[in-house]
Every structure is written in C-alpha cells, then in structure tokens.
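Each chain, letter by letter, is given below.
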Amino acid sequence: MHTSSELQIHGIFDANTWTVTYVIHQGAVTACAIIDSVLDYDPKSGRTHHSSADKVIDYVQTHHLQVAWILETHAHADHLTAAPYLKAKLGGQTGIGDHITQVQEVFKGIFNLESDFPTNGAQFDRLFKDGDDFPVGSITGKIIYVPGHTPACVAYQFGDAVFVGDTLFMPDVGTARCDFPGGDAKTLYASVQKLLSLPPTTRLFMCHDYPPKGREVVFETTVAAQRSSNIHVHDGIDEASFIKMRSDRDSTLEMPVLILPAVQINIRAGEFPPKEDNGIAYAKIPLNAL
C-alpha cells in the first residue's frame, strides 16, 4: 500500500500472468477505481475462474469502497480482463481509450468475428480521449494517450501517480514490445517521452513486472529512475537507436501464451463470445494468421 493524504494505491499481483491490478481510493468508505483486472484462465483446459478477481473484491468490500470505474489501459494480450465479473459483483463503469475501435476493427477481421460485432467501442461504458478528466469520488483522473505497444494504450494519472499500462516496465526490464498489429516503435518512443517529460518525482506504476533473476517483484518507480536507468530508453537514447533496438528485440520474442483468447475476449470488454447452439462459447484459434 502506498498512501498520500489524498490517494491510496493498493496493488494485487497475479503471479500467473505477472500482472498488477490496482485499486485506487481515498480511504475506507470512499469511491475507488480498479485498473487492469485479471480473469484466471487455463490455456490447457479453456476453463476460467476468479481467484485473482476475488482478491480485488475482498479488498474493496473490506474497506467498504464504492467502485466508480473498472479501467483498462489497453486490450491486453497476456491476460483476460475480469471486468464483467467485477462489475456484476461491485458495480461501476468500464472504461478504455477511444482508439480501442482500431483494435476491434483489426481483430474482428483476424478472428472473423460475427458480422454484427460492433467496432465502435460500444462494449465499454466510456471511451476516453487524450486529456479527458474523470472523477473517482473527489479525486480527478486524467487520460494520457500513449500508443505504440498497441494503438489504443492509455495511461491514467491521479496527481503524482501515473498507471502506465505496458508502455514502460521497471528500469531493469525496459519497454513494451511493438510487434502486435497496430504497434509501432517510433510511436512508442514518442509516448515514452511524453511520460518521461512529467516531473522527476512522478510515481509510475507498472501493469506488469518480469523481474530479472534474484530481484523481488516490484511495480513502482519514478520518472527520474526511468530517465537515469531504463535499459531501453534512458536519457541519451535517441529515436533511431530505440527503434532499431526495439525492432531487433521484437523479432526474437515469442507470442504471449494467452494472446489468442485474451485479445478476442478483451476487445469485448471481457464478455465471452455468443454461445453457440450447444450452449457453449468458443474462443477461435486462427491458424497461420499472426
């Protein structure tokens, strides 16, 4: 727990996906926002469960919080969102960056989704534009558009705390890959510079941590620490050098284990595809398409 006079931040780490879900609020019996939740998914059996999301629910209920928002930094490729489950249990509105429509359009084609699948973001309660403000009780959040990893990535800023999604990782891990459809290393470089132009003491909260051997999981750093020691994009790394590094590195990376089920569920705001005539919902596996 990281506490200031106005903002309290509670991170819940999911070891299976290396993901951090955040609950931000101002103390007991106040409004809260949930950022980047996780639905547990077994890729071997196709079964889902709610162990990670239930930890969020337990925290919210223990502190008597009222959920205002269930937020996504982007349509994740490495885990499924638990937004519908959390919304059913706790209430709140779902939100994501307005460029999710580009991601929906691309992946509707890749997965050959049903013809009436909407690509206007209607699955979410709110689509945020760059610079938008939104309330969480008496706290004001601000949207920072940070594309590059995907075309739809946003960061959420609350005072001196910024939740950066996959744009940045801890300084000893680096930056997000850019080889998914719509990703772009040059665009990511510009987005990172936008974040690193914030005041040096600004706290940055990661969506994931993949710690090098021997380091414990951590997911908070600062602009100053990133500028001085991020292995991919510290001060002095120019755009051309970053693009070459990122492109070379991305060409060696395997696809995330859960990308195929995750993306097609997450562009639906976490809802499963329509059940077929046998009462079962199916996730598609496109062969030789990615």
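K.L.:
Give me the lowdown on the layout of surface pockets, citing residues and values where you can.
P.N.:
Gaps between atoms show up when a probe of the same size as a water molecule is rolled over them. Taken as a whole, the largest pocket holds about 680 Å³ of empty space. Along the wall of the largest pocket there are 33 residues; nearest its centre are W18, D78, R177, Y210 and P256. Of all the elements in the fold, those that place two or more residues in the lining of the largest pocket are strand 5 (40-42) and helix 6 (239-250). The volume enclosed by the second largest pocket comes to roughly 260 Å³.

K.L.:
So, empty space enclosed by the protein: which residues are in play, and what are the values?
P.N.:
Applying the stated criterion across every chain yields a total of one cavity of 30 Å³ or more. The calculated volume of the largest cavity comes to roughly 100 Å³. Of all the secondary-structure elements, those providing two or more residues to the lining of the largest cavity are helix 3 (100-110) and helix 7 (259-266). Classifying every residue of the lining of the largest cavity by side-chain character gives nine nonpolar, one polar and no charged.

K.L.:
For the packing of aromatic side chains, give the residues involved together with the corresponding values.
P.N.:
Here the distance between the centres and the angle between the planes together describe a pair of aromatic rings. Evaluation of the coordinates by the stated rule reveals 16 aromatic pairs. Ring centres of F163 and F205 lie 5.0 Å apart, and the angle between their planes is 20°; this geometry places the pair in the stacked category. In this pair, F163 sits in strand 13 (residues 161-163) while F205 sits in strand 14 (residues 203-205), placing the two residues 42 residues apart along the sequence. In terms of burial, F163 and F205 fall into one category: buried. With centroids separated by 5.6 Å and ring planes inclined at 85°, the aromatic side chains of F169 and Y210 adopt a geometry described as edge-to-face. With F169 in the loop between strand 13 and helix 4 (185-196) and Y210 in the loop between strand 14 and strand 15 (220-222), this pair connects stretches of sequence that are 41 residues apart. Residue class for F169 comes out buried when judged on its relative accessible area of 10%. Ring pairs connect the aromatic residues Y22, W69, F128, F134, Y156, F158, F163, F205 and F219, which therefore count as one cluster.

Calculation notes
Every chain is numbered independently, its residues counted from 1 as its sequence is written. Local features in this predicted model are restricted to residues of pLDDT 70 or higher, and side-chain atom pairs are both shown and tallied only at a pLDDT of 80 or more, whereas totals for entire chains, interfaces and linings draw on every residue. Hydrogens and water molecules were not included; the side-chain quantities draw on all heavy atoms of the structure. Only protein atoms enter the 1 Å grid used here. Points where a 1.4 Å probe fits but cannot escape make up a cavity, open sets with protein on both sides within 12 Å along at least five of seven lines make up a pocket, and a residue lines them when an atom lies within 4 Å of a point. Grid points are joined across faces, edges and corners, and a volume is the space filled by probe spheres set on the points. In DSSP terms, a helix is any run of H or I states spanning at least four residues, a strand is any run of E spanning at least two, and both are numbered starting from the N terminus. Three categories are distinguished: nonpolar for Ala, Val, Leu, Ile, Met, Phe, Trp, Tyr, Cys and Pro, charged for Asp, Glu, Lys and Arg, and polar for the others, with Gly belonging to the last. Working definition: rings of Phe, Tyr and Trp (its six-membered ring) pair if their centres are within 6.5 Å, and the pair is stacked with planes under 30 degrees apart, edge-to-face with planes over 60 apart, and tilted otherwise. For every residue, the accessible area (1.4 Å probe, protein chains only) is compared with the maximum for its type, and the residue is labelled buried under 20%, exposed over 50%, or partly exposed between those bounds.

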